[in-house]
Amino acid sequence: AALGALAAEGSALLEARVHDAQLASAQSMQYQIAIGLLGMVTLLGLIVYHGNMLRRGIFAVRDSMQRILSGDLNTSVAATDRGDEIGEMARCAEAFRLAAVEKRGLEEANENTRSRNETERRDREAIAREDERQVRIAVEALGRGLTRLSEGDLSVAILEPFRADLEQLRSDFN
């Protein structure tokens, strides 16, 4: 009887210990699942955060390139301060923008020079035409005077003044 009671008591104690071990194991499994889920949610959050940072950087470079293509060369390219590949792309786009600004400046300077040269050419042509007109006036007046002289009119005189460098010729004729 004492041995049976001792065996029953040992059996009860063993069952209690097995039950406690099973509860601890189930509780441990729940903690591991919760920590695993928390880790996965954290990892997913970090992936989304990092993906959004990459996406924002790419969109910033894309928007800057679209502004450059549309002719806005005054706004600098965003994300040039980044240390990753997106920053390299942004610095390349900024170099492209600066080259476009320089090209535009050279084109404007070239157009200004071309316009100035065209104006100077027109002015020279106008001066040459006026010079030709003044010489023609002098030649025609001398021709008329010489014709009248050849017809025997010695009282002929050229009354219209010539330009300054031809005035001596008129004076000598008279």
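Preceding this section is the structure that the text describes.
Summary of the structure given here. (Residues numbered from 1 in each chain as written. Predicted model: local features only at pLDDT ≥ 70, side-chain atom pairs only at ≥ 80, totals over all residues. Heavy atoms only, no water.)

What follows is about the packing of helix H1 (residues 2-69) against helix H2 (residues 85-150). Where H1 contacts H2, the axes come no closer than 10 Å and their chain directions differ by 10 degrees. Looking at the two axes, H1 sits roughly parallel to H2. Mapping the contact onto sequence places Leu-54, Gly-57, Ile-58, Val-61, Met-65 and Ile-68 in H1 and Ile-86, Met-89, Ala-90, Ala-93, Phe-96 and Arg-97 in H2. (Axes fitted to C-alpha atoms, helices over the stretch in contact; angles between N-to-C directions. Helix = DSSP H or I, 4+ residues; strand = E, 2+ residues; numbered from the N terminus. Parallel < 35°, antiparallel > 145°, perpendicular 65-115°, else oblique. Contact = heavy atoms within 4.5 Å.)

What follows deals with H2. Each full turn of the α-helix corresponds to 3.6 residues, which orients residues three or four apart in the same direction. Taking 1.5 Å per residue, 66 residues should reach 98 Å; H2 reaches 95 Å between its end C-alpha atoms and fits that length. Among the residues of H2, Ile-86, Gly-87, Ala-90, Ala-93, Glu-94, Arg-97, Gln-134, Ala-138, Ala-141, Leu-142 and Gly-145 are the ones counted as buried. Buried residues in H2 make contact with H1 and helix H3 (167-173). (Expected span 1.5 Å × (residues − 1). Buried < 20%, exposed > 50% of the residue type's maximum accessible area, 1.4 Å probe, protein only.)

Quick look at a nonpolar patch on the surface now. On the surface, a cluster of nonpolar side chains totalling about 410 Å² of accessible area is made up of Met-29, Ile-33, Leu-37 and Met-40. Within the fold, Ile-33 resides in helix H1. (Patch = residues over 30% accessible without salt bridge, like charges linked within 9 Å, V, L, I, M, F, W, Y side chains within 5 Å. Areas by Shrake-Rupley, 256 points an atom, 1.4 Å probe, with all protein chains shown as cover. Salt bridge = Lys/Arg side-chain N within 4 Å of Asp/Glu carboxyl O.)

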